[in-house]
Amino acid sequence: MKITIENIDSIRHAAREFISAIDGKGTCFAFYAPMGAGKTTFIKAICEELGVTDVITSPTFAIVNEYTDGNGAPIYHFDFYRIKKMEELADMGADEYFYSGDLCLMEWPELVEDALPDDTVKITITPQEDGSRIVEF
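These lines cover the structure that appears in this document, whether it is placed above or below. All values reported here derive from a predicted model rather than from experimental measurement.

## Regarding the nonpolar core
The biggest cluster of nonpolar side chains holds 26 residues, and the ones touching the most others in it are Phe18, Phe29, Phe31, Phe42, Cys47 and Leu105. Mapped by element, the contributors of at least two residues to this core are strand E1 (2-5), helix H1 (11-22), strand E2 (28-32), helix H2 (39-49), strand E5 (103-107) and strand E6 (121-127). If we ignore the near neighbours within four places in the chain, the residues touching Leu105 are Phe29, Phe31, Ile43, Ile46, Cys47, Ile75, Tyr76, His77 and Phe78.

Structure below.
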């Protein structure tokens, strides 16, 4: 599947398209993209489309932020950028999140790939020269 985010004004539409496409495809989604490609911005738009009213920020220092969607279900937003050792995942109880059945949206998954569930859906965000982004999964 391929979704184009033309510009920041179209990101919510792209998030709705993404949500429709992933329905029933699992709960763990790993976002691969270079620094500044828009991982956090796209995840924020996804969360907003799912009814999250909490402040949505990158969990760079906390590693995981928990939000509540419009139906009262938790959404877990991970940023593994600061993970240095796999033991840190075990210490934070990552498996409990991954296998909770709740939505897990992960930034910088390449740093912890060996610990991700086998059914994790891999998403790439590729910046284009015109400023748009291509989201593929």
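Past the structure itself, the notes keep going.
## Some points on the pairing of strand E4 (residues 74-79)
Extensive coverage of E4 is indicated by the burial of five of its six residues. Taken together, the five bridges between strand E3 (residues 64-68) and E4 define a ladder with antiparallel strand orientation. Bridged to Val64 within E4 is Phe78. Remark: five residues form the turn of the hairpin made by E3 and E4, two consecutive strands paired antiparallel; Gly72 in that turn has positive phi of roughly 85 degrees. Sheet topology note: the E4/E5 ladder contains five bridges and is parallel. Bridge pairing in E5 links His77 to Leu105.

## Points about the pattern of salt bridges
Between side chains of opposite charge, a pair can form as their charged atoms come close. Applying the stated criterion across every chain yields a total of five salt bridges. Among the ionic pairs, Arg12 bridges to Glu49, the shortest N-O distance being 2.5 Å. With a gap of 37 residues between them, Arg12 in helix H1 and Glu49 in helix H2 connect regions that are remote in the sequence. Since its relative accessible area comes to 24%, Glu49 is described here as partly exposed. The partner of Glu48 in a salt bridge is Lys44, and the shortest N-O contact between them spans 3.6 Å. Of this pair, Glu48 and Lys44 are both found in helix H2, four residues apart, which corresponds to roughly one turn of the helix. Looking at Lys44, the relative accessible area reads 35%, which means it is partly exposed.

Each value, and the rule that gives it
- Residues numbered from 1 in each chain as written.
- Predicted model: local features only at pLDDT ≥ 70, side-chain atom pairs only at ≥ 80, totals over all residues.
- Heavy atoms only, no water.
- Core = buried A, V, L, I, M, F, W, Y, C linked by side-chain atoms within 4.5 Å.
- Buried < 20%, exposed > 50% of the residue type's maximum accessible area, 1.4 Å probe, protein only.
- Helix = DSSP H or I, 4+ residues; strand = E, 2+ residues; numbered from the N terminus.
- Contact = heavy atoms within 4.5 Å.
- Pairing = 2+ DSSP bridges.
- Salt bridge = Lys/Arg side-chain N within 4 Å of Asp/Glu carboxyl O.

None of the figures reported here should be taken as evidence of function without further support.
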